[in-house]
Amino acid sequence: MKTFRYGEEQLTASIALGLARKEIQGVLSPSTIQKVQQSAAAVAEIAAGEKIVYGINTGFGPLCTTKISASATQLLQDNLLKSHAVGVGESVEEEISLLMLVLKGHALAQGYSGIRFETLERILWMIDEGIVPIVPIQGSVGASGDLAPLSHLFLPLIGEGKVSYRGEVLPAGGLLEKLGKSPLTLGPKEGLALINGTQFMAAHGIKVVERLHSLLSHASLSGAMMIEGLLGSIAPFSEELHQLRPYVGNLHVAKTLHLLLKDSEIVASHASCARVQDPYSLRCIPQVHGASWNAYLHLKQTLEIEINSVTDNPVVFDANHTISGGHFHGQPIAMPLDYATLAASEIGNISDRRIYLSIEGSTPGVPKLLLKETGLNSGLMIPQYTTAALASENKGLCFPASADSIPTSLGQEDHVSMGSISARKALRVIDNVEKILGIELLYAAQAMDFHAPLRSGKILTAVQNKIRDVIPPLTKDRILYEDMEIAIDLVKSGTLLVLAN
């Protein structure tokens, strides 16, 4: 199995997912262990001394001027986890909880947080054993990082909270006892190092990166199929045109469309038709989809800086040099997550427009409502209502959470990012757009059927055949939600992308 050295190697979204899914084994090298131990020793020295350092021998937030005695530092850290575990709502997906552990482990292993080796080792043991803390989805304002969710994430270290283990939700203390482990006694600053940081936002961001990439790739497939089904022109996708406005995303989409439409008999059949221009939902696919690809690339680049950063506070350089800063503030990723939400929503918006276009009956050979015999039959009139509803819901979710701030901590935290809300909204919109694209595939396949016996190119023929393997053509009205669910599952599973590669 491939290994990854926490605290040393560059973490990516795909590597983080591999660690969470146990496809990659995370390890600590001797040099990393040494750095971690040196940082913990520096914190111990500060805690034993007279110099006041925030979070090590003081209270937290507005209590930062309250001195804590050396004998009370362990109770201080336990109380921190307990008092800050105030999340509400349903639990996050187990994979997101595991990603949070992975990201925190990587940040702590860099040796600037004062965490002890045995505490870091316990976190990595939880990942390896599949012990997944139960973390409520609501309660973070995104500064001082994700305090509430991270507190729930690490309550099991001290034998508190709940965990999921082999399909059961159990009290953490009871599971530790069953597995022969004792709860940890936290040292100075350890509680603060555990719960300061952006790992809740970033873990969601990793899932956004994975799912948005898949969504954008499926949008190219469904868009290309609609171009064929509605006899659209491929001229607007020429490279020479897009080199005059060379956005990376636009160039990528135009090139992809050319590849997908290569050797298509359907495209060739109307090369000399009288139509001058296609509607924007076909003609401007590179510009609209491309803009969303640009947003995806921006998020991916920003997120990979974030997940390789130290985001707790204070940062410990040595016993004589600590800095209390603001690396826990989620604004650097909250704004790109809001941007990604808009990017996903726009893919659903233009997809719904193509769906509507396909049922207008304005394409030669393609009947109104995508059915030859209508009147008694409604054909594919009504699923577009669903895509319209989903697209509208997404528009309501596009208000940027990062535009808001409500002061907390008695005014000490007077500007917060709300990045956790940005991240959660992004996934909700992506989920809706996956449904829209599944329905578009249903419509596009139906439109393409009317051009038989003309064939598509190799890739789209394989995609069309796969859809027809599981969803028969519509010849008269039937219950459509089952077809829609199958099409949506094709998008969520990534099955069609395998055929396209």
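Quick look at the structure, then. (Residues numbered from 1 in each chain as written. Predicted model: local features only at pLDDT ≥ 70, side-chain atom pairs only at ≥ 80, totals over all residues. Heavy atoms only, no water.)

## Considerations on the packing of helix H9 (residues 199-229) against helix H14 (residues 285-306)
Contact geometry of H9 with H14 gives a least axis separation of 10 Å together with a crossing angle of 160°. In terms of axis orientation, H9 runs roughly antiparallel to H14. Considering how the two elements wind past one another, H9 and H14 form a crossing that is left-handed. When the residues that make up the contact of H9 with H14 are grouped by side-chain class, the tally is 13 nonpolar, seven polar and one charged. (Axes fitted to C-alpha atoms, helices over the stretch in contact; angles between N-to-C directions. Helix = DSSP H or I, 4+ residues; strand = E, 2+ residues; numbered from the N terminus. Parallel < 35°, antiparallel > 145°, perpendicular 65-115°, else oblique. Left-handed = near helix turned anticlockwise from the far one by under 90°. Nonpolar A, V, L, I, M, F, W, Y, C, P; charged D, E, K, R; others polar.)

## Section: the pattern of salt bridges
Under the counting rule described, the total for this entry stands at 19 salt bridges. Salt-bridge contacts for Glu 210 lead to Arg 21; the nearest nitrogen and oxygen are separated by 3.0 Å. Linking Glu 210 in helix H9 with Arg 21 in the loop between helix H1 (13-20) and strand S2 (25-27), this pair joins segments that are 189 residues apart in sequence. The partly exposed category is assigned to Arg 21, whose relative accessible area is 32%. As a salt-bridge pair, Lys 492 and Asp 431 come within 2.6 Å of each other at their nearest N and O atoms. A residue pair is termed long-range when its members are at least 10 positions apart, and Lys 492 in helix H19 (residues 481-493) and Asp 431 in helix H17 (residues 419-449) qualify at 61 residues. (Salt bridge = Lys/Arg side-chain N within 4 Å of Asp/Glu carboxyl O. Buried < 20%, exposed > 50% of the residue type's maximum accessible area, 1.4 Å probe, protein only.)

## With respect to unusual backbone geometry
Backbone phi values are negative for most residues with the exception of glycine, while trans is the configuration of most peptide bonds. In this structure, the amide linkage connecting Ala 143 to the following residue, Ser 144, adopts the cis form with an omega of 10°. On the secondary structure map, Ser 144 appears in the loop between strand S5 (136-138) and helix H6 (147-154). Note the cis peptide between Asn 313 and Pro 314, where omega equals -5°. As for its placement among the helices and strands, Pro 314 is situated in the loop between H14 and strand S8 (315-318). Even without being glycine, Asp 263 reaches a positive phi, approximately 65°.

## Concerning the side chain of Lys 104
Note that Lys 104 resides in helix H4 (residues 94-108). The charged side chain of Lys 104 is buried without a salt bridge, its nearest counter-charge being Asp 312 at 5.5 Å. Here Leu 194 takes part through its backbone oxygen, which lies 3.3 Å from a polar atom of the side chain of Lys 104. Setting aside anything within four residues of it in sequence, one finds Lys 104 in contact with Leu 150, Phe 154, Ala 193, Leu 194, Asn 196, Gly 197 and Gln 199. (Lys, Arg positive; Asp, Glu negative; His and termini not counted. Polar contact = N/O pair within 3.5 Å; in protein donor to acceptor, adjacent residues only side chain to side chain. Contact = heavy atoms within 4.5 Å.)

## A word on the pairing of S8
Strand direction decides the pairing type here: S8 and strand S9 (residues 321-323), joined by three bridges, are antiparallel. Counted as the bridge partner of Asp 318 is His 321 from S9. Where S8 folds back on S9, the antiparallel hairpin that results is connected by two residues. (Pairing = 2+ DSSP bridges.)

## Details of the sheet that holds strand S6 (residues 162-165)
Across the sheet, which stays open at both edges, the three strands sit in the order S4-S6-S7 with antiparallel pairing between neighbours. Strand pairing shows two members of the sheet lacking a second neighbour, strand S4 (132-133) and strand S7 (168-171), which therefore form its edges. In this sheet, S6 lies alongside S4 in antiparallel orientation, the contact comprising two bridges. Bridging across to S6, Pro 133 finds its partner in Val 163.

## Some details on the nonpolar core
Among the nonpolar cores identified, the biggest contains 132 residues, and Phe 154, Leu 194, Ile 206 and Met 225 are the most heavily contacted of them. Ile 206 has contacts with Ala 13, Ala 16, Leu 17, Leu 99, Leu 103, Leu 303 and Ile 307, leaving out every residue within four places of it along the chain. Formed by eight residues, the second largest nonpolar core is a distinct cluster that contains Ala 42, Ile 46, Val 53 and Val 316. (Core = buried A, V, L, I, M, F, W, Y, C linked by side-chain atoms within 4.5 Å.)

## Comments concerning the packing of aromatic side chains
Scanning all chains against the criterion turns up three aromatic pairs. Ring plane angle 90° and centroid distance 5.7 Å describe the contact between Phe 4 and Tyr 6, whose orientation is recorded as edge-to-face. The two residues Phe 4 and Tyr 6 agree in class, both being buried. Ring plane angle 90° and centroid distance 5.7 Å describe the contact between Trp 293 and Tyr 296, whose orientation is recorded as edge-to-face. Taken together, the positions of Trp 293 and Tyr 296, both in helix H14 and three residues apart, correspond to about one turn of that helix. One Lys or Arg, Lys 181, reaches over the ring of Trp 125 and ends 5.0 Å from the middle of that ring. (Phe/Tyr/Trp six-rings, centres within 6.5 Å; stacked < 30°, edge-to-face > 60°. Lys NZ or Arg CZ within 6 Å of the ring centre and 35° of its normal.)

## A closer look at the side chain of His 152
Among the secondary structure elements, His 152 is positioned in helix H6. According to the relative accessible area criterion, His 152 is buried, its value standing at 13%. Separated by 3.4 Å, the side chain of His 152 and the backbone oxygen of Ala 85 make a polar contact. One polar contact links the side chain of His 152 to the main-chain amide nitrogen of Gly 87, over a distance of 2.9 Å.

## Section: a nonpolar patch on the surface
A surface patch of nonpolar side chains, amounting to about 270 Å² of accessible area, comprises Tyr 112, Phe 317 and Ile 323. Among the secondary structure elements, Ile 323 is positioned in strand S9. (Patch = residues over 30% accessible without salt bridge, like charges linked within 9 Å, V, L, I, M, F, W, Y side chains within 5 Å. Areas by Shrake-Rupley, 256 points an atom, 1.4 Å probe, with all protein chains shown as cover.)

## So, helix H16 (residues 383-397)
Taking 1.5 Å of rise per residue, 15 residues should cover 21 Å, and H16 covers 22 Å from first to last C-alpha, within 8% of that figure. Inspection of H16 places Pro 383, Gln 384, Thr 387, Leu 390, Ala 391, Asn 394 and Leu 397 among the buried residues, and these make up the whole buried set. Summarising the axial view, the buried residues of H16 lie within an arc of 135°, below the 170-degree limit, and thus occupy one face. Among the exposed residues of H16, those pointing more than 90 degrees away from its buried face are Tyr 385 and Gly 396. Check the buried side of H16 and you find it contacts helix H15 (331-358), H17 and H19. (Expected span 1.5 Å × (residues − 1). Arc of directions from axis to C-beta.)

## Looking at the environment of Ser 281
In this structure, Ser 281 sits in helix H13 (residues 280-283). By relative accessible area, which is 9% here, Ser 281 ends up buried. Leaving out residues up to four positions away in the same chain, Ser 281 has contacts with Ile 350, Arg 353, Arg 354 and Leu 357.

## With respect to the environment of Ser 392
Here Ser 392 shows up in helix H16. Take Ser 392: its relative accessible area is 46%, and that puts it in the partly exposed class. Spatially, the C-alpha atoms of Ser 392 and Glu 45 are 57 Å apart, while their sequence positions differ by 347 residues.

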